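Results of the structural survey
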Amino acid sequence: MTEYFKPVTPIWCPGCGDFGILASLKKALSDLKIPPHETVVLGGIGCFGHIHNDLAVYGYHALHGRVLPTAMAVKLANPRLTVIAAGGDGDGYAIGGNHFLHALRRNPSIVYIVSNNGTYGLTKGQPSPTAQVGYEGTQETPFEPVLTALSMRSTTFIARGFSGNQVQLQMIFREALQHANSLRGMAFVDVLSPCVTYNDTYAEWRKATVDVNADAGYDVTNRTKAFQTVLGLLEAGKLPTGILYRGSGKSYEEMVLQGKEPMAYQNIQPAANVEMYRKLISRYK
Amino acid sequence: MTISVNEREAAVQAAKPVDEIKLMVGGQGGDGTLTVVNLLGRLFKELGLNTYDQRNVLSRIRGGHADGVIRASARDIFSVGDGIDVLLAFDEEAVETAKDLLSKECVIVYDSLHGPLRRELVPANSTVYSAKFSDLAGTELKNRLLKNTVSFAVLGRVLGVPDELAIKVVRARYERRGQEVLQPNLDALSLGFRVADDLGIRAHFGLPKGALGQRIQISGDDAIGMGFIAGGGRFYAGYPITPASEILEYLQANLPKFGGAAIQAEDEIAAINMALGASLAGVRAMVATSGPGQDLMTEGVGQAGMAELPLVIVEVQRSGPSTGMPTKHEQSDLNHVVFAGHGEFPRLVLAPANASDCFYMTVDALNLADKYQLPVFLLIDQAMGQNTQSVPEFDFSKVKVERGKLVDADSIRSIQVYKRYQITDDGVSPRTVPGVPDGLFQVTGNEHNEWGFVSVNPLNREAIVKKRMLKIDEAKKDMPKGTVFGDPSAELGFITYGSNYGPILEAMEILAKRGVNTKFLLIRSIFPLLEDEILPFLEGVKTAYVVECNLTGQLRGLIAKDMGHADKLVGINKYTGSPFRPSEIVNRVEGLQERSQFLGGVDHS
């Protein structure tokens, strides 16, 4: 058997919310018995983007903000892989904001985990697009990623976790992985994950989080009501968590590949397609 | 039927035998004017002649002046040449645009919609045939746009080709679109023949006999698209940009048939990162863009270099900087692709010289990218990307797919310890793709150790930088070679890349006839430059004219920097937005020869 790398210890500060995300993700992957060699974790730039180094899977460290287009193409190239994109709120909602919108629009069957702490921890505490008003003097209204995702009719799985609630987070990751791996589209999971060094929000978030799934009347398949409930809670100063929405729609692989053999496994030797080449050239004769 | 013939000047001459013919069609953009160029292309193809065409359009959907030039010859041609023998002008602006190019005894077919052609605009010995083509098409055929087909019939008579051939060509173009499209065009031809009869048109030219074998007419952009598919490329991502959009369109139309995907991304940044993702998963991937898009892709190029991911990037140069002149020709991004990106990382830059090269060198680029695990640029230009040219049919049996040190589920078993960035003699490490058991990797744009883990260790840094950069030298043996043309004993030489190739070959013929012997090194490997081909050439000449479409002489600068002999290098530069014509190169050489003692810098004339 070939020996390969051993995962390293995370670079995060003691008490960082990201430890909770890592532990929950490991548990979910192991619960679902997803083979490591068929799993690709792509990290963005930022503290959380280092997560691929801490897992025994195929790992990729993307350019800042570009984890979504990269991950989407990995999935298109080989839909049999479990593809997990991971990054922070600066990576995903600021520099990568355009890709976030287009990924939501395309619905590729990947899991996208954002560790959301309202700050750029790695560059020492500048406010991110989700920073609360007043943090480091910011006066800008925070970006609401789950509302944005809910507002796009192409989305099929929207969840929000809290790294202080691992039981819920494990459940969300299991559901998210199953959603993506059954090629139903993108599972978007925004995780409230406090930065203990620059924006320690543990105490207030613990108080503010509300598990929407705890209410038996909450219908995760009703986008209109989900939007209304989530917006209502946010306006009341609460943080809705749980699986916020689950729907069905065409996945990006379905649109693009139409069930063809994964590109990664195709025979690309020229001899395999001689007749097809003749057709290509005939137009120019 | 009343045909208003406003002018019938100059007696119709007997058909004159010619080696080649050059036609220009000009009018307003967006009204199908340029379909006449397509019809002429098909006509010459039927006659077994080579063609080269060039379109001059503005960056707008409709309106504004647009023209197309098509040249046909029994010889190989890779430029529009000099002069215009036949002008089809739908308005006076088209004549104004063409007037400096018109040959003395040219034929002008003029749409006198807005009045007769002012004779002083055109050469005294030219023949002008005028008719109100648009009005005729409007009244007789109820569709003014059929003026194009009406005038094509007239051109057929001027060129002395049988009417049946013009009919065959129109059928071939419109048959697939159904009778409701074909019939009006056939009626338009009949009308055109009648107009020609009324104008008393006889053949003006005796076209050469073509005896070409399997030729195809294709643009560089399409040839690259086809080369990508043939070379096993399966993932393409792009963002619409002139003059590279045709590659996106070609691959969107054709790649899915081969099980691949061509994605229109939200921007060029997404496009190149998508391609990196596909490459990471083991799929041959490519992006194509032009200067402004290349600006956005630059960070991704560095990522490919650092992460050691195979990637092909096509840069179809246009006039810059910034938005520049989007539809216009230039070669001012050479420095940009050779030096793009912060930090130091390996890349290769290949430069095809015609549509054949575009096909085969795209395959080369894919193989080099896989073999050396790095970004490979294909550097072309607007003229090569968009102009249609005749080349021998591509030979698919010459296409080889070589994937280098790619490790699969079987070959991983022979590796005891797998390190993605293992330091090796040639700088190339074994590469697995996700899905291979026990082949797990960490691939990253951070500086890393052999395992792919982040490392700032100074000893590791030195070793791993050297490993990556070693690949540039290693790749030299596999880079596409240049070609030397002309008189081996000549003391005057030309060096160039890309689409200047055609005009230079023709300039050399003209110069030779005037007693000036020259030779010519066409290079295909821009980075790294190959000393084996450049140094002997430079050592064998007193002066080497480095011909390029930019102001500052970017190729000349690169040669001077990496190969020396700066004192022998003289720039012949053009940056007006259109490619060189052979006569322009001849004039520059003759001008430079006269004041040769003052040479050395950029020629700003």
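So, how was this worked out
Residues numbered from 1 in each chain as written. Chains lettered and ligands numbered in written order. Predicted model: local features only at pLDDT ≥ 70, side-chain atom pairs only at ≥ 80, totals over all residues. Helix = DSSP H or I, 4+ residues; strand = E, 2+ residues; numbered from the N terminus. Rg over C-alpha atoms; globule rule 2.2 N^0.38 Å. Buried ≥ 20, exposed ≤ 12 C-beta atoms within 10 Å, placed from the backbone. Contact = placed C-beta atoms within 7 Å. Nonpolar A, V, L, I, M, F, W, Y, C, P; charged D, E, K, R; others polar. Pairing = 2+ DSSP bridges. Axes fitted to C-alpha atoms, helices over the stretch in contact; angles between N-to-C directions. Parallel < 35°, antiparallel > 145°, perpendicular 65-115°, else oblique. Left-handed = near helix turned anticlockwise from the far one by under 90°. Core = buried A, V, L, I, M, F, W, Y, C linked by C-beta atoms within 7 Å. Right-handed = clockwise from strand over helix to strand, strands pointing away. Domains from an automatic or database assignment. pLDDT = per-residue confidence, 0-100.

Tallying secondary structure elements over chain A gives 10 helices and 10 strands in all. Taken against the 2.2 N^0.38 rule, which gives 19 Å for 285 residues, the C-alpha radius of gyration of chain A at 20 Å falls within 12% of a compact globule. With respect to the three principal axes, the spread of C-alpha positions in chain A is 70 × 45 × 35 Å. Sorting the 285 residues of chain A into buried and exposed places 53% on the buried side.

With that settled, the discussion passes to the environment of A:Pro69. Turning to its location among the elements, A:Pro69 is positioned in helix H2 (residues 67–77). Along the sequence, A:Pro69 and A:Trp12 sit 57 residues apart, while their C-alpha atoms lie 26 Å from each other. Setting aside residues no more than four positions away along its own chain, A:Pro69 makes contact with A:His99, B:Ala265, B:Ala270, B:Asn273, B:Met274 and B:Gly277.

Each partner contributes to the interface: chain A provides 53 residues, whereas chain B provides 62 residues. Put simply, the parts of the chain that give the side of chain A that touches chain B at least two residues each are strand E2 (58–61), H2, helix H4 (97–106), helix H9 (252–257) and helix H10 (274–282) of chain A. The dominant element in the side of chain A that touches chain B, judged by the number of residues it contributes, is H2(A), at 8 residues. Split into classes, the residues belonging to the side of chain A that touches chain B amount to 32 nonpolar, 14 polar and 7 charged. Strand direction decides the pairing type here: E2(A) and strand E17 (residues 442–444) of chain B, joined by 3 bridges, are parallel.

For the rest of this paragraph, the subject is the packing of helix H5 (residues 163–174) of chain B against helix H6 (residues 179–199) of chain B. All names here are of chain B. One way to put it is that H5 packs onto H6 with a least axis distance of 9 Å and a crossing angle of 155°. On the basis of their axis angle, the class for H5 and H6 is roughly antiparallel. In this structure, the crossing between H5 and H6 has a hand that is right-handed. Facing Asp 163, Ala 166, Ile 167, Val 170, Arg 171 and Tyr 174 of H5, the residues of H6 in contact are Val 181, Leu 182, Asn 185, Leu 186, Leu 189 and Phe 193. When the residues that make up the contact of H5 with H6 are grouped by side-chain class, the tally is 9 nonpolar, 1 polar and 2 charged.

The next point concerns the nonpolar core. In this structure, A:Tyr112, B:Leu87, B:Ala275 and B:Val314 are the most contacted members of the largest nonpolar core, which totals 260 residues. Per-element tally for this core: the top contributor is helix H12 (residues 355–372) of chain B, with 10 residues. Not counting residues up to four positions away in its chain, the partners in contact with B:Val314 are B:Ile224, B:Ala244, B:Ile247, B:Met286, B:Ala288, B:Leu378 and B:Ile380.

Quick look at the environment of B:Thr543 now. Residue and element names in this part refer to chain B. Relative to the assigned elements, Thr 543 resides in strand E22 (residues 543–548). On the basis of neighbour counts, which here come to 18 C-beta atoms within 10 Å, the residue Thr 543 falls in the partly exposed class. Taking the C-alpha atoms as reference points, Thr 543 and Leu 492, separated by 51 residues in sequence, lie 5.2 Å from one another. Not counting chain neighbours up to four residues away, the residues in contact with Thr 543 comprise Leu 492, Lys 568 and Val 570.

This next bit is on helix H8 (residues 245–254) of chain B. For an α-helix, 3.6 residues make a turn, and residues three or four places apart therefore share a direction. Where H8(B) is concerned, the buried positions are B:Ser245, B:Ile247, B:Leu248, B:Tyr250, B:Leu251 and B:Asn254. At its buried positions, H8(B) is contacted by H10 of chain A together with helix H7 (220–230), strand E10 (235–238), strand E11 (261–264), strand E12 (285–289) and strand E13 (311–317) of chain B.

What follows is about the environment of B:Ser290. Topologically, B:Ser290 is positioned in the loop between E12 and helix H10 (291–307). Ignoring anything within four residues of it in the chain, the contact list for B:Ser290 reads B:Ile241, B:Thr242, B:Pro243, B:Ala244, B:Glu315, B:Val316, B:Gln317 and B:Arg318.

As a general feature of sheets, a regular strand has side chains that alternate between the two faces. All names here are of chain B. Taking every second residue as pointing to the same face, both faces of E10 are buried, with Phe 235 and Ala 237 on one and Tyr 236 and Gly 238 on the other. Bridge analysis of E10 against E11 gives 4 bridges, and the strand direction is parallel. Looking across to E11, one finds that Ala 237 is bridged to Ile 263. As a crossover connection, the stretch from E10 through H8 into E11 is right-handed. As judged from the 4 bridges shared by E10 and E12, these two strands associate in the parallel manner. If you follow Gly 238 over to E12, its bridge partner there is Ala 288.

A separate point is the pairing of strand E3 (residues 82–88) of chain A. Residues and elements named next belong to chain A. Most of E3 sits inside the fold, with 7 of its 7 residues counted as buried. Of the two faces of E3, both are covered, the one formed by Thr 82, Ile 84, Ala 86 and Gly 88 as well as the one formed by Val 83, Ala 85 and Gly 87. As judged from the 5 bridges shared by E3 and strand E4 (residues 111–116), these two strands associate in the parallel manner. Looking at the pairing, Gly 88 lines up with Ser 115 of E4.

To continue, consider the domain arrangement of chain B. What the domain assignment lists for chain B is domain 1 (16–206), domain 2 (217–398), domain 3 (411–477) and domain 4 (483–598). Distance from the C-alpha centre of domain 3 of chain B to the C-alpha centre of domain 4 of chain B: 40 Å.

Before going further, it helps to spend a moment on the confidence of the model for chain B. All names here are of chain B. The predicted model of chain B has a mean per-residue pLDDT of 94, with 96% of residues at 70 or higher. Confidence drops under pLDDT 50 across residues 1–13; counting only partners more than four residues distant or on other chains, this segment forms 26 contacts. Confidence drops under a pLDDT of 50 for residues 599–605, and excluding neighbours within four residues, the segment shows 13 contacts in the predicted structure.

With that settled, consider the sheet that holds strand E19 (residues 492–496) of chain B. All names here are of chain B. Strand order in the open sheet made by the 5 strands is E18-E20-E19-E22-E23, with mixed pairing throughout. Edge strands, defined here as strands with exactly one partner in the open sheet, are strand E18 (483–486) and strand E23 (569–573). Strand-to-strand twist of the sheet, defined as the mean angle between neighbouring strand axes without regard to direction, takes the value 25°. In the packing of helix H15 (residues 501–513) onto the sheet, contacts are made with E18, E19, strand E20 (518–522) and E22, and the angle to E20 comes to roughly 170°.

The 9 strands lie next to each other as E9(A)-E10(A)-E7(A)-E8(A)-E4(A)-E3(A)-E1(A)-E2(A)-E17(B), forming an open sheet whose pairing is mixed. Each edge of the open sheet carries a strand with a single partner, namely strand E9 (209–211) of chain A together with E17 of chain B. The average angle at which neighbouring strand axes cross in this sheet is 20°, direction not considered. As paired strands, E9(A) and strand E10 (residues 239–246) of chain A are joined by 3 bridges and run parallel to one another. Within E10(A), the residue paired with A:Thr209 across the bridge is A:Leu239.

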